[in-house]
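Coordinate inspection notes
Okay, here's what each chain looks like letter by letter:
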Amino acid sequence: MTSDPYSKEVRRLFKAPAHAGIANGPSARIDAQGVSVELSVEARNGQVEAARFRAKGCPHLVAAAEAFCADLEGQPVAALETQFGVDIMRRLSVPVEKTGRILVLEDTSALLAGKL
Amino acid sequence: MSEPSIYLDYAATTPVDPGVADALSQALCDETTLANPSSVHRAGRLSAHRVATAAEQVASLLNCDPGQLIWTSGATEADNLAIAGAARYRADRGRHLVTMPTEHKAVTDMFRALEKEGFNVTWLAPGPDGMLDIGHLEQALTDETQLVSVMHVNNETSVVQDIEAIGELCRSRDILYHVDAAQSAGKLPIDLRRMPIDLLSLTAHKFYGPKGVGALYVADRPGCHVEPLLFGGGQQRSIRPGTLPVPLIVALGQAAEIAEQKQASDLAHVTRLRAALWDGIEGVEGLVLNGHSSRHYPGIVNVSVADVDGESLLLDLEPLCVATGSACNSQNQEPSYVLRSMGRSDAEAEGAIRFSFGRMSTLEDVEQAAGLYVNAVSRLRQLAPAA
């Protein structure tokens, strides 16, 4: 039997992305690598109070965007500038051929950081 | 416990018909299929008789002579044998071959291998509806052309090519015509005594038989012959040597007999299912049918929406078992080469879903599938950034 290309975590995050939508704050969007990612945050006193995403792409990308937004809430806005792609790929067992898509998410985050 | 699957991927492979399964299980433990059919002792002759009976069953389905059939491991081998075998046999007459980029990989990859051998291949692009323009074929033919290969029913789009018109044109120029009938054998009428076809490939597992067995029809007429790809014990006139898998051949024969009996009712059944599926999904905004509106086999429906990712759509459709394109092509993430050849954009090709159904599918299956599709497209559109 061919192994399931999606981990349980990817399936859970893809099926019920609690952070899908638009936050009441600045946003950034990048269309590249055949995917679209839009991130938005609501920040107060240098802290991210709410993070939201919208994405068109594969299940791994959607799951990664959901995991990233969930992690971001409560963090300093500087967290938007961290290079999280490798960690999130490892955590979600994202296949290496999808690296480019995850980097689009990372680049969108960096773009958003520049707007805060 | 996970939800039961709804299997709508019949174009990839069909379930085995219970009558075929019975015949196969009996044949696996039966003294009449025990021996090597090439052996001259009594048991060998019994096996040879079972093979001959299966050949008569397949020949009856196709309306040809049983002696014109070569057993293979499936349609891929039959396609390879037909194309390479005929091209090499007639290479001294000319080295020009014609096919389409929308053929199955078993055909296109064989032609690419022949290009490396020095053959000149013309690739005729289809129209946006997947059909071959016969005028373009006529223009492509030269005095050097020896073989044309154009499939009957496309495995991704269900488009039905006009194989009689293609065959007549080829016959008038003394060019061999090969038809990959993997998706049509047992499902649509094929009459090889009437149709001008020289080589025809089929496989059991696309019409309710087991995987691992197929056949190649080779017309008995001057200039029509294939050189072997394999060498060995001289079986099947040395065209395809190797000990015959008698139980699988018995099962293929049984599948052919059942298909002949049920062809009309099966076709009526999938026509009803197609109408129900279409009723359920046609309201989806931006939906594109990948295929021909009338020249199609009704058991395959391929649709696209350009603004939804195909891989996410496939996961969202679970427990539905469908394909994003050809199942044989599912290991790579490139957009379908068939849909790209028909002029679809990368986005449309990536968002394509192929529903395929058949004898064992139910109205409830396709109605559930339609509901899942509508809901999945809606959810993924909500998830995506605004256009």
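Residues numbered from 1 in each chain as written. Chains lettered and ligands numbered in written order. Predicted model: local features only at pLDDT ≥ 70, side-chain atom pairs only at ≥ 80, totals over all residues. Heavy atoms only, no water.

Regarding the overall build of chain A
Regarding its fold elements, chain A presents four helices and three strands. Written out in order from the N terminus, the α and β elements of chain A read α-β-β-β-α-α-α. By the compact-globule yardstick of 13 Å for 116 residues, chain A fits well, its C-alpha radius of gyration being 13 Å. C-alpha extents for chain A along the principal axes are approximately 50 × 25 × 20 Å. (Helix = DSSP H or I, 4+ residues; strand = E, 2+ residues; numbered from the N terminus. Rg over C-alpha atoms; globule rule 2.2 N^0.38 Å.)

Examining the pattern of salt bridges
Residues and elements named next belong to chain B. Applying the stated rule across the entire model yields 26 salt bridges over all chains. Notably, a salt bridge pairs Asp266 with Arg359, separated by 2.9 Å at the nearest N-O pair. In this pair, Asp266 is assigned in helix 7 (residues 246–281) and Arg359 in the loop between strand 12 (352–356) and helix 11 (363–383), connecting sequence segments 93 residues apart. Residue class for Asp266 comes out buried when judged on its relative accessible area of 13%. (Salt bridge = Lys/Arg side-chain N within 4 Å of Asp/Glu carboxyl O. Buried < 20%, exposed > 50% of the residue type's maximum accessible area, 1.4 Å probe, protein only.)

Examining helix 7 of chain B
With 36 residues, helix 7 of chain B extends just 44 Å between its outermost C-alpha atoms, more than 12% less than the 52 Å of an ideal straight helix rising 1.5 Å per residue. Of all bends in helix 7 of chain B, the biggest is about 65°, found at Lys262(B). (Expected span 1.5 Å × (residues − 1). Bend = angle between axes of the 7 residues up to and from the residue.)

What about the sheet that holds strand 7 (residues 199–203) of chain B?
Consider a sheet: its strands pair through backbone hydrogen bonds, and that pairing is either parallel or antiparallel. Residue and element names in this part refer to chain B. Reading across from one edge, 2-8-7-6-5-3-4 is the order of the seven strands in this open sheet, with mixed pairing throughout. The open sheet terminates on both sides in strands that have one partner only, identified here as strand 2 (69–72) and strand 4 (120–123). Within this sheet the neighbouring strands show an average axis-to-axis angle of 20°, counted without direction. Sheet strands in contact with helix 3 (residues 75–89) are strand 2, strand 3 (96–99), strand 5 (145–149), strand 6 (176–180), strand 7 and strand 8 (214–218), and its direction is about 165° off that of strand 7. (Pairing = 2+ DSSP bridges. Axes fitted to C-alpha atoms, helices over the stretch in contact; angles between N-to-C directions. Contact = heavy atoms within 4.5 Å.)

Observations concerning the domain arrangement of chain B
Residues and elements named next belong to chain B. As far as domains go, chain B holds domain 1 (6–14 + 263–383) and domain 2 (18–258). Here the C-alpha centre of domain 2 lies 27 Å away from the C-alpha centre of domain 1. For the pair domain 1 and domain 2, the two sides together bury roughly 2,900 Å², of which 52% comes from carbon and sulfur. Of all residues in domain 1, the largest losses of buried area upon contact with domain 2 belong to Gln263, Arg295 and Tyr297, amounting jointly to 23% of the total for that side. Our count for the contact surface shared by domain 1 and domain 2 stands at zero salt bridges. The set of elements that each furnish at least two residues to the side of domain 1 that touches domain 2 consists of helix 7, strand 10 (300–304) and helix 9 (337–341). (Domains from an automatic or database assignment. Buried area = accessible area lost by both parts, 1.4 Å probe.)

Quick look at the interface of chain A and chain B
Between chain A and chain B, the contact holds 22 residues from the first and 17 residues from the second. Interface of chain A and chain B: buried area, both sides summed, is about 1,600 Å²; carbon and sulfur atoms make up 50% of it. Connecting chain A to chain B are three salt bridges. Measuring nitrogen to oxygen at the nearest pair gives 2.6 Å for the salt bridge that ties Lys98(A) to Glu311(B). Linking chain A with chain B are eight residue pairs in polar contact (both at pLDDT 80 or more). Counting residues per element, the ones that place at least two in the side of chain A that touches chain B are helix 1 (8–15), strand 2 (35–44), strand 3 (47–56) and helix 2 (59–72) of chain A. Ranked by residue count, the leading element in the side of chain A that touches chain B is strand 3 of chain A, at four residues. Among the residues forming the side of chain A that touches chain B, the class breakdown is ten nonpolar, three polar and nine charged. (Polar contact = N/O pair within 3.5 Å; in protein donor to acceptor, adjacent residues only side chain to side chain. Nonpolar A, V, L, I, M, F, W, Y, C, P; charged D, E, K, R; others polar.)

Digging into the packing of aromatic side chains
Residue and element names in this part refer to chain B. If you walk through the whole model with that rule in mind, you get five aromatic pairs over all chains. Seen in terms of ring centroids, Tyr10 and Tyr208 are 6.3 Å apart; in terms of plane orientation they differ by 65°. Their pairing is edge-to-face. With a gap of 198 residues between them, Tyr10 in the loop between strand 1 (6–7) and helix 1 (18–28) and Tyr208 in the loop between strand 7 and strand 8 connect regions that are remote in the sequence. In this structure, Tyr10 and Tyr208 share a single accessibility class: buried. Summarising the aromatic geometry, the rings of Phe355 and Tyr373 are spaced 5.6 Å apart at their centres and angled 75° between planes, so their arrangement reads as edge-to-face. Taken together, the residues span a long stretch of sequence, with Phe355 in strand 12 and Tyr373 in helix 11 at a distance of 18 residues. Judged on exposure class, the residue Phe355 and its partner Tyr373 are both buried. Members of the aromatic cluster, connected to one another through ring pairs, are Tyr7, Tyr10 and Tyr208. Taking the ring centre of Phe119 as reference, the NZ or CZ of Arg95 above it sits at 4.2 Å. (Phe/Tyr/Trp six-rings, centres within 6.5 Å; stacked < 30°, edge-to-face > 60°. Lys NZ or Arg CZ within 6 Å of the ring centre and 35° of its normal.)

Here we look at the packing of helix 2 (residues 42–62) of chain B against helix 7 of chain B
All names here are of chain B. The geometry of helix 2 relative to helix 7 is characterised by a closest axis approach of 8 Å and an angle of 30° between their N-to-C directions. Relative to helix 7, the element helix 2 is oriented roughly parallel. Judged by the sense of rotation from one axis to the other, the crossing of helix 2 with helix 7 is left-handed. For the pair helix 2 and helix 7, contact is made by Ser47, Arg50, Val51, Ala54, Gln57, Val58, Ser60 and Leu61 and by Val246, Ile249, Val250, Leu252, Gly253, Gln254, Ala256, Glu257, Ala259, Glu260 and Gln263, respectively. Tallied by class, the residues present in the contact of helix 2 with helix 7 amount to ten nonpolar, six polar and three charged. (Parallel < 35°, antiparallel > 145°, perpendicular 65-115°, else oblique. Left-handed = near helix turned anticlockwise from the far one by under 90°.)

Things to note about the packing of helix 7 of chain B against helix 11 of chain B
All names here are of chain B. One can describe the packing of helix 7 onto helix 11 by two numbers: an axis separation of 8 Å at closest approach and a directional angle of 25°. Viewed along their axes, helix 7 and helix 11 adopt a mutual orientation that is roughly parallel. The two elements helix 7 and helix 11 cross, and the hand of that crossing is right-handed. Touching Leu273, Ala276, Leu277, Gly280 and Ile281 of helix 7 are Leu363, Val366, Ala369, Ala370, Tyr373 and Val374, all from helix 11. Here the residues of the contact of helix 7 with helix 11 sort into ten nonpolar, one polar and no charged.

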